[in-house]
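Architecture and fold: a report
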Amino acid sequence: MEMDAEVGIIGVGTMGSMAAWQLAKRGVSVLGFEQYGLGNDRTAAGGESRLFRTAYMEGSEYVPLLQNAKELWRGLEKESGNSLLTLNGGLMIAEEDSPVIRNILKSISDFNLSHEILKEDKARTRYPQFTFYDNDLIIFDKEAGFIRPELAVVSASLLAKKYGAEIKRFTKVEHVSSENGGVSIITDDGKTYKVGKLLISTGAWTSKLISEWKEKLIPRRLLLTWFAPKDPVHTKPDKFPIFARMRGDFRLTGAPTLEGTMVKASYTKDPLAIEDPEKLNRDVYPKELEKISESVEALLPVLFPDPVRASAYMDAYTPDDHALLGELPNWDNVFVASGFSGHGFKLSPVIGKIIAELMIDGKTESNINHLDPGRMLRKVE
Ligand SMILES: Cc1cc2nc3c(=O)[nH]c(=O)nc-3n(C[C@H](O)[C@H](O)[C@H](O)COP(=O)(O)OP(=O)(O)OC[C@H]3O[C@@H](n4cnc5c(N)ncnc54)[C@H](O)[C@@H]3O)c2cc1C
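My aim in this report is to walk through the structure given alongside it, one point at a time. Note that this is a predicted model, so its numbers are computed, not measured.

**Brief notes about the nonpolar core**
Across soluble globular proteins, nonpolar side chains show a tendency to be buried alongside one another. Ile9, Leu23 and Trp73 are the most contacted members of the largest nonpolar core, which has 49 residues in total. Counting only elements with at least two residues in this core, the list comes to strand 1 (5-10), helix 1 (14-25), helix 2 (63-80), helix 5 (149-162), strand 20 (334-338) and helix 8 (348-361). For leucine 23, the residues in contact, after removing those within four places along its chain, are Val7, Ile9, Val28, Val30, Ala356, Met359 and Ile360. Val176, Tyr193, Ala316 and Leu324 belong to the second largest nonpolar core, which has 24 residues in total.

See the structure below:
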């Protein structure tokens, strides 16, 4: 059949934009479809900052990917001329015998990562912003910081276009089928496109496009909340690292003030599964803010504990919180990159590079065994 492009990408959000950049840069013809505008705040890239960490609580198998991602972030900054990743360090604080601390320490020792373990008195003097408790272990990850997510998506998309990719914005894909050595795509304006290979990078909307994957790619609603500092001198990036602060039922993650008035501190434990991603409720109710206010009051005394801003976002979660990345078993020419389970942004440039390798070279040197889609997805008839 006659092709409109060698590669089609459904969903030019976080992963789709990075894949488009990497594929087009390698000379592949790319046709992307995005239901909203590029860098839209409704996607998983909304909310002005994303945390970058290298000493990884989700497992040390991610460390080589994160190190490669850091190099690629620098490459994307250079090619686009935009500042995207600021490494101002990260504080990881949790009870000494907790699983997250065990995983962080394992990442550090497996890869000899640059870090400091701070004694409580030193931590108190250096970081008066936080409350520390006797049995806390305080780890400073030197290879941590924050990313500008919307600008990152726009930067990668514009570079993809510069290298020849075509991106159809405000165009929703309604149906895909694999046939005659290619893949056919039908959009909401009734048009049909044919591509040689297809990437499905539709994030939280994936189960809407392919309903059979409903149990494997679950859309979850995550709240982001911002707080006013009592004195902004303590909360600028040079004084205030990014943080993940776990204690008992509290799980706070956050970033310093980026525009001078608000600190992002969000409660990220057990985000709520939602039935229909197209009906995400973006209103945030006072009842939902009780836990985060309580956590901020207890753990971040430099902030006024009533949020000044709160917004709702979504990401796709898998049952084991590891993404699905690669070619789909028994479905010709179709690849997936979805289910990044609330921690994929920092990895996105390396995910884009790996997708390009898998689609063009048929293999990658990166270890992505833990992300193999074959562990969960079966053929869609
Ligand atoms: C609130 C929040 C905080 C987070 N914090 C961090 C963090 O600090 N650090 C970190 O590393 N990660 C973090 N994450 C996770 C990270 O942001 C996500 O894992 C990542 O952005 C997911 O990228 P994606 O490409 O899968 O989804 P998206 O970026 O949402 O992209 C999917 C795209 O597909 C489009 N689309 C969907 N269906 C269709 C269709 N049928 N046709 C056309 N287009 C379609 C959507 O509009 C969207 O643009 C956070 C996530 C959230 C929600």
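**Description of the site of the ligand**
Taken together, 31 residues sit near the ligand, with Thr14, Glu34, Leu51, Asp315 and Lys346 positioned nearest. The side chain of threonine 14 places a nitrogen or oxygen atom 2.6 Å from an oxygen atom of the ligand. Residue glutamate 34 places a side-chain N or O atom 2.6 Å away from an oxygen atom belonging to the ligand. Within the complex, the protein chains bury 97% of what would otherwise be the 1000 Å² of accessible surface of the ligand. When contributions to the shell around the ligand are tallied by element, the ones reaching two or more residues are helix 1, strand 3 (50-52), strand 13 (218-227) and strand 18 (309-317).

**Side note on the side chain of glutamine 129**
Here glutamine 129 shows up in the loop between helix 4 (120-126) and strand 7 (136-141). For glutamine 129, a relative accessible area of 1% gives the class buried. Here histidine 234 takes part through its backbone oxygen, which lies 2.7 Å from a polar atom of the side chain of glutamine 129. Separated by 3.2 Å, the side chain of glutamine 129 and the backbone oxygen of lysine 239 make a polar contact. Beyond its immediate sequence surroundings of up to four residues, glutamine 129 is in contact with His234, Lys239, Phe240, Leu299, Leu300, Pro301 and Val302.

**A word on the pattern of salt bridges**
The tally for this structure, following the rule as stated, stands at 23 salt bridges. Two residues, lysine 25 and glutamate 79, come together in a salt bridge whose shortest N-O distance is 2.6 Å. One end of the pair, lysine 25, is in helix 1; the other, glutamate 79, is in helix 2, and 54 residues separate them in sequence. For lysine 25, a relative accessible area of 40% corresponds to the partly exposed category. For lysine 106, the salt bridge goes to aspartate 110, with nearest N and O atoms at 2.7 Å. Of this pair, lysine 106 and aspartate 110 are both found in helix 3 (residues 99-111), four residues apart, which corresponds to roughly one turn of the helix. Accessibility expressed as a relative area gives 38% for aspartate 110, which makes it partly exposed. Within this structure, Glu116, Lys122 and Arg126 form a network of salt bridges that share partners.

Rules used in this analysis
- Residues numbered from 1 in each chain as written.
- Predicted model: local features only at pLDDT ≥ 70, side-chain atom pairs only at ≥ 80, totals over all residues.
- Heavy atoms only, no water.
- Core = buried A, V, L, I, M, F, W, Y, C linked by side-chain atoms within 4.5 Å.
- Buried < 20%, exposed > 50% of the residue type's maximum accessible area, 1.4 Å probe, protein only.
- Helix = DSSP H or I, 4+ residues; strand = E, 2+ residues; numbered from the N terminus.
- Contact = heavy atoms within 4.5 Å.
- Near = heavy atom within 4 Å.
- Polar contact = N/O pair within 3.5 Å; in protein donor to acceptor, adjacent residues only side chain to side chain.
- Areas by Shrake-Rupley, 256 points an atom, 1.4 Å probe, with all protein chains shown as cover.
- Salt bridge = Lys/Arg side-chain N within 4 Å of Asp/Glu carboxyl O.

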